[in-house]
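For reference, the chains in residue letters:
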Amino acid sequence: MNKIVILYGSSGGNAASVARQVQDLFDGNADIFNVMDITLKEVKDYSYYVIGTSTTGIGDLQDDWEGFLPSFARMDFSGKKVAIFALGDSASYSTSFAESMKVVYDEMHDKVQIVGQVPDEGYTYDDSTAVSNGMWVGLPIDEDNEYDLTQERLAKWVEMLKKEFV
Ligand SMILES: Cc1cc2nc3c(=O)[nH]c(=O)nc-3n(C[C@H](O)[C@H](O)[C@H](O)COP(=O)(O)O)c2cc1C
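Residues numbered from 1 in each chain as written. Predicted model: local features only at pLDDT ≥ 70, side-chain atom pairs only at ≥ 80, totals over all residues. Heavy atoms only, no water.

(A) Region of interest: the pairing of strand β2 (residues 30-34). Where strand β1 (residues 4-9) and β2 come together, five bridges link them in parallel fashion. Of the residues in β2, the one forming a bridge with Leu 7 is Phe 33. (Pairing = 2+ DSSP bridges. Helix = DSSP H or I, 4+ residues; strand = E, 2+ residues; numbered from the N terminus.)

See below:
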């Protein structure tokens, strides 16, 4: 078992694909699970969590996370750290872009240290609850319109996380 785990929920496969890219960037030092397939017992002993979700509805959490997040957030997170990424579509959902990560943030930020916030420069959208003072609460990824930027965004982000996850 590694110290780092990536937990993702994905309805159409984009968040799953991004989660696998994140795992690759951790050079084999991260485990990965689809939240659809796991129990709390299997994931409670990690030190560092990367939470990945796609955004559905209007700014809602991916369906599989809906059921799992409340019990996950009640775990003992002493000494642990969490980073969040969210998939979104900044053109079709420009006023709720990647807001699912704010749902995760709101549920967890008073229980655990959240790391991996990125500046909103370079993103084109009208509004998102997941941005505060020019910083996203995690990493937004847009595979629908900006897939050509994904690799670079992930590489930068994982380098940042490697400094936190030690
Ligand atoms: C019904 C539906 C609602 C969506 N709502 C949002 C939204 O509110 N905000 C957003 O940024 N993206 C929204 N999206 C876009 C998805 O989050 C995006 O396409 C994502 O890449 C899907 O990832 P997945 O294949 O892992 O589920 C929505 C997509 C669908 C199908």
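(B) Region of interest: the nonpolar core. Core analysis: the biggest nonpolar cluster contains 56 residues, and Val 22, Val 50, Phe 72, Met 108, Trp 136 and Trp 157 have the highest contact counts within it. If you tally residues by element for this core, the top one is strand β5 (residues 81-87), at six residues. Excluding residues that lie within four positions of it along the chain, Val 22 makes contacts with Ile 6, Val 50, Phe 85, Leu 154, Trp 157 and Val 158. (Core = buried A, V, L, I, M, F, W, Y, C linked by side-chain atoms within 4.5 Å. Buried < 20%, exposed > 50% of the residue type's maximum accessible area, 1.4 Å probe, protein only. Contact = heavy atoms within 4.5 Å.)

(C) Examining the site of the ligand more closely. The immediate surroundings of the ligand are formed by 20 residues, with Ser 10, Ala 15, Thr 55, Ser 96 and Asp 144 found nearest. Residue Gly 57 places a main-chain N or O atom 2.7 Å away from a nitrogen atom belonging to the ligand. Considered on its own, the ligand offers 650 Å² of accessible surface; in the complex 78% of this is hidden by protein. Going through the elements one at a time, α1 (14-25) and β3 (48-56) are the ones with two or more residues in the shell around the ligand. Of the residues contributing to the shell around the ligand, the split by class is six nonpolar, 12 polar and two charged. (Near = heavy atom within 4 Å. Polar contact = N/O pair within 3.5 Å; in protein donor to acceptor, adjacent residues only side chain to side chain. Areas by Shrake-Rupley, 256 points an atom, 1.4 Å probe, with all protein chains shown as cover. Nonpolar A, V, L, I, M, F, W, Y, C, P; charged D, E, K, R; others polar.)

(D) Looking closely at helix α5 (residues 147-164). For α5, with 18 residues, the first-to-last C-alpha span of 26 Å sits near the 26 Å given by 1.5 Å per residue. The set of residues buried in α5 consists of Thr 150, Arg 153, Leu 154, Trp 157, Val 158 and Leu 161. Where α5 is buried, its residues touch α1, β3, β5, β6 (113-115), β7 (118-119) and β10 (139-141). (Expected span 1.5 Å × (residues − 1).)

(E) Structural detail: the packing of helix α3 (residues 63-73) against helix α4 (residues 100-108). One can describe the packing of α3 onto α4 by two numbers: an axis separation of 10 Å at closest approach and a directional angle of 25 degrees. What the angle tells us is that α3 and α4 run roughly parallel. In this structure, α3 crosses over α4, and the sense of that crossing is right-handed. Of α4, the residues touching α3 (which contributes Leu 69, Pro 70, Phe 72 and Ala 73) are Val 103, Val 104, Glu 107 and Met 108. For the contact of α3 with α4, the residue count by class is seven nonpolar, no polar and one charged. (Axes fitted to C-alpha atoms, helices over the stretch in contact; angles between N-to-C directions. Parallel < 35°, antiparallel > 145°, perpendicular 65-115°, else oblique. Left-handed = near helix turned anticlockwise from the far one by under 90°.)

(F) Molecular detail of the pairing of β5. In terms of burial, β5 is largely enclosed, as seven of its seven residues are buried. Burial along β5 is two-sided: the face carrying Lys 81, Ala 83, Phe 85 and Leu 87 and the face carrying Val 82, Ile 84 and Ala 86 are both buried. With seven bridges joining them, β3 and β5 adopt parallel strand pairing. Pairing of Gly 52 across the sheet is with Phe 85, part of β5. In terms of strand pairing, β5 meets β6 through three bridges, oriented parallel.

(G) Examining the sheet that holds β7 more closely. The three strands lie next to each other as β7-β9-β8, forming an open sheet whose pairing is antiparallel. The sheet is open, and its two edges are formed by β7 and β8 (131-132), each paired on a single side. In this structure, β8 lies alongside strand β9 (residues 135-136), joined through two bridges in antiparallel fashion. Across the sheet, the residue bridging to Val 131 is Trp 136, located in β9.

(H) Quick look at the packing of aromatic side chains. Tallying each qualifying case throughout the model produces 15 aromatic pairs. Judged by centre distance (6.1 Å) and plane angle (10 degrees), the rings of Phe 26 and Phe 165 are stacked. One end of the pair, Phe 26, is in the loop between α1 and β2; the other, Phe 165, is in the segment after α5, and 139 residues separate them in sequence. This pair shows no difference in class: Phe 26 is buried, exactly as Phe 165 is. Measuring from ring centre to ring centre gives 5.5 Å for Phe 97 and Trp 136, while their planes differ by 90 degrees; the resulting arrangement is edge-to-face. Residue Phe 97 is found in the loop between β5 and α4, and its partner Trp 136 is found in strand β9; the two are separated by 39 residues along the sequence. A network of ring pairs unites the aromatic residues Tyr 46, Tyr 49, Trp 65, Phe 68, Phe 72 and Phe 77 as a single cluster. (Phe/Tyr/Trp six-rings, centres within 6.5 Å; stacked < 30°, edge-to-face > 60°.)

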